[in-house]
Protein chains: 2
Amino acid sequence: MESTSTRDPDLTRARILDAALALFVAHGVAAVSMRQIAEGSGVTKSLIHHHFGTKEALWGAVKAHAFSRYAEEQREALEARQTPDALLLETSVLRYFRFLQQRPEVVRLLAWIHLEADEGCSEMDAELVRLGAARIHEAQQAGLLRDDVNPTHVVTLFVHACNQWFTAKAHHSGWPGIGDDQAYLEDFLRIFMAGLVPPDPR
Amino acid sequence: MESTSTRDPDLTRARILDAALALFVAHGVAAVSMRQIAEGSGVTKSLIHHHFGTKEALWGAVKAHAFSRYAEEQREALEARQTPDALLLETSVLRYFRFLQQRPEVVRLLAWIHLEADEGCSEMDAELVRLGAARIHEAQQAGLLRDDVNPTHVVTLFVHACNQWFTAKAHHSGWPGIGDDQAYLEDFLRIFMAGLVPPDPR
DNA sequence: CTATCGACTGGCCGACCGGTCAATATGTCG
DNA sequence: CGACATATTGACCGGTCGGCCAGTCGATAG
């Protein structure tokens, strides 16, 4: 049954993971102390060591927890296809863009993972990419998309275009003539979709 | 005249900046100690404080030094236009891609700066973006590129596509079906350039 | 009731942190 | 040759770090 407020190790672990994720993502692993995480999660520093061992192990658990949840959300959205094939790619880009727009912590988590060159995390979204690439391959064979480009690169390209937009947002917000999220998304989609139509056979 | 091996404050500053850049870029500012920088540059820790003050000031000097050198290189290459207008954009993308390919430390430096949300650094490449956007605007008015997209977004898009490719390389190298640098670049250029041709007026 | 196991606590440790400071070495100028 | 500015050094400071450990608390099983 549901436990009372005290002595709930699962809830404790969850609270530690949440606080650690927030702090790690905001300031970086090296800049966050175990004492800060303890304070942020309302538990003792020793208890964190009891549940997760070392700080590095905690970071590993945080990554696995947050990343797998994100990957699951994305897969569910991707597998529930109800749009016609011709618009599937465009709506996928749009959904991914909105997803990152509403979850800035995912963007920063990815950025930290990239800087660590953690190849282990790539397994978690490899399945997503494979799924998306398969959809694009289908559309290519149906003549809806040009077939002289690697489907995986198509997925990679739009993921990159969305990720980097939010990653570097503070930086390029000072660039002259740049627009807001919506304006960038629309221009990207114009170029991206027009660049993928099959060439006129004539 | 040229000084001997001892007592060359300029050389000392340069050595400290080089060592600090390498360490900061590799491990992040918070994870690098002044003692490590001292060891890496062959000087005393106190001497670093003497020349640069605090650790944060050193990081600022490192950013300014590396970033301005990078921006200068890019501007020189951009201002020496000798290619015909029709190919300028494609060669610009190619040059920028090769530039990042040969300077992985620039890619990582940018990634760290983005995570800091340091808006001050955006002034350094804002001029570059303005210059590139102006070239694209010229090409639009000459009818070489579609004119219903923001020129700044065109620059932003290809910068993002190149940056994120190298930033996340270790991560997406595990994705199924992904190609190498050259294959990605070619596919990106196909989509990008085809997406920018003016629509058939008929 | 008692034995037992895991959740949980406070205190402690050695190592290391960024930064300071007085003292010294070295080059330059009068 | 001094006098002076500054590059350079090593010792040292208070504070914080991650991790450890002995021990208490609380639920559950026998």
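Our subject is the structure listed above.
The rules behind the values
- Residues numbered from 1 in each chain as written.
- Chains lettered and ligands numbered in written order.
- Predicted model: local features only at pLDDT ≥ 70, side-chain atom pairs only at ≥ 80, totals over all residues.
- Heavy atoms only, no water.
- Helix = DSSP H or I, 4+ residues; strand = E, 2+ residues; numbered from the N terminus.
- Buried < 20%, exposed > 50% of the residue type's maximum accessible area, 1.4 Å probe, protein only.
- Areas by Shrake-Rupley, 256 points an atom, 1.4 Å probe, with all protein chains shown as cover.
- Lys, Arg positive; Asp, Glu negative; His and termini not counted.
- Charge placed at Lys NZ, Arg CZ, Asp CG, Glu CD.
- Near = heavy atom within 4 Å.
- Polar contact = N/O pair within 3.5 Å; in protein donor to acceptor, adjacent residues only side chain to side chain.
- Nonpolar A, V, L, I, M, F, W, Y, C, P; charged D, E, K, R; others polar.
- Expected span 1.5 Å × (residues − 1).
- Contact = heavy atoms within 4.5 Å.
- Salt bridge = Lys/Arg side-chain N within 4 Å of Asp/Glu carboxyl O.
- Phe/Tyr/Trp six-rings, centres within 6.5 Å; stacked < 30°, edge-to-face > 60°.
- Least-squares fit on C-alpha atoms with pLDDT ≥ 70 in both.

Q: How should I be thinking about the overall build of chain A in this particular structure?
A: Broken down by element type, chain A carries 10 helices and 0 strands. Listed N to C, the secondary structure of chain A is α-α-α-α-α-α-α-α-α-α in terms of helices and strands. For chain A, buried positions account for 48% of its 202 residues. Entry remark: accessible area of chain A is about 9900 Å², with carbon and sulfur atoms responsible for 53%. Averaging the positions of the 20 positive and the 27 negative side-chain charges in chain A gives two centres separated by 4 Å.

Q: Can you walk me through the protein's contact with DNA strand C in this structure?
A: Close to DNA strand C lie 20 residues, the nearest being R7, T44 and S46 of chain A together with R7 and K45 of chain B. A share of 50% of the atoms of DNA strand C within 4 Å of the protein falls on sugar and phosphate groups. With respect to DNA strand C, the side chain of T12 of chain A contributes an N or O atom lying 3.3 Å from a phosphate oxygen. Taking R7 of chain B, its side chain carries an N or O atom lying 2.5 Å from a base nitrogen of DNA strand C. Only α1 (9–27) and α3 (45–52) of chain A together with α2 (34–41) and α3 (45–52) of chain B provide two or more residues apiece to the surface near DNA strand C. It is α3 of chain A that provides the largest number of residues to the surface near DNA strand C, a total of 4 residues. A per-class count over the surface near DNA strand C returns 4 nonpolar, 10 polar and 6 charged.

Q: Whenever I open this one, helix α5 (residues 85–102) of chain B confuses me. Can you help?
A: Residue pairs spaced three or four apart in an α-helix point in one direction, given the helix's 3.6 residues per turn. All names here are of chain B. If you check α5, its first and last C-alpha atoms are 26 Å apart, about what 18 residues at 1.5 Å a residue would give, namely 26 Å. Here α5 has its buried residues at L88, L89, S92, V93, Y96, F97, F99 and L100. Elements that come into contact with the buried residues of α5 comprise α4 (55–79), α6 (104–116), α7 (122–141), α8 (151–167) and α10 (181–194).

Q: Teacher, can you tell me more about the pattern of salt bridges here?
A: Close approach of charged atoms lets side chains of opposite charge pair. Enumeration over the complete set of coordinates arrives at 14 salt bridges over all chains. One salt bridge in this structure joins D118 of chain B and K63 of chain B, with 2.5 Å as the shortest N-O distance. Residue D118 of chain B is located in the loop between α6 and α7, and its partner K63 of chain B is located in helix α4; the two are separated by 55 residues in the primary sequence. For the pair shown, D118 of chain B and K63 of chain B are each scored as buried. Residues participating in the shared-partner salt-bridge network are K63, E116 and D118 of chain A.

Q: Help me understand the protein's contact with DNA strand D, please; the structure alone is not making it clear to me.
A: Around DNA strand D, the surrounding shell holds 19 residues, and the nearest of these are R7, K45 and K55 of chain A together with T44 and S46 of chain B. Taken together, the sugar and phosphate atoms account for 49% of what DNA strand D places within 4 Å of the protein. Within the side chain of T44 of chain B, an N or O atom sits 2.6 Å from a phosphate oxygen of DNA strand D. Among the secondary structure elements, those contributing two or more residues to the surface near DNA strand D are α2 (34–41) and α3 of chain A together with α1 (9–27) and α3 of chain B. For the surface near DNA strand D, the per-class residue count stands at 4 nonpolar, 9 polar and 6 charged.

Q: Sorry if this is basic, but what is going on with the packing of aromatic side chains here?
A: Any aromatic ring pair is given by two values, namely how distant the centres are and how the planes are angled relative to each other. All names here are of chain B. Within the structure shown, the criterion is met by 19 aromatic pairs over all chains. Measuring from ring centre to ring centre gives 6.2 Å for Y96 and F158, while their planes differ by 75 degrees; the resulting arrangement is edge-to-face. Linking Y96 in helix α5 with F158 in helix α8, this pair joins segments that are 62 residues apart in sequence. Ring centres of F188 and F192 lie 5.0 Å apart, and the angle between their planes is 20 degrees; on these two criteria the pair is classed as stacked. With F188 and F192 both in helix α10 and 4 residues apart, this pair spans about one turn of that helix. Grouping residues by exposure puts F188 and F192 together as buried.

Q: How do you make sense of the relation of the copies chain B and chain A when you look at a structure like this?
A: Between the two copies, chain B and chain A, the superposition gives an RMSD of 0.1 Å; the rotation angle is 180 degrees and the shift along the axis is 0.0 Å. The two molecules are tied by a two-fold rotation axis, judged by turn and shift. Of the C-alpha atoms belonging to chain B, the one lying closest to the rotation axis is found on G195 of chain B, 1.8 Å away.

Q: Hey, could you run me through the environment of F188 of chain B in this one?
A: Taking relative accessible area as the criterion, F188 of chain B reaches 3% and is therefore assigned buried. In sequence terms F188 of chain B and A26 of chain B are 162 residues apart; their C-alpha atoms lie 28 Å from each other. Non-local contacts of F188 of chain B, meaning those with residues more than four positions away in its chain, are made with L157 of chain A together with V93, F158 and A161 of chain B.

Q: Help me out: how do you make sense of α6 of chain B in this one?
A: All names here are of chain B. Here α6 spans 19 Å end to end across 13 residues, near enough to the 18 Å set by a 1.5 Å rise per residue. Among the residues making up α6, those that are buried are V106, V107, L109, L110, A111, W112, I113, H114 and L115. Positioned one or two residues after α6, A117 has a phi angle of 55 degrees, which is positive.

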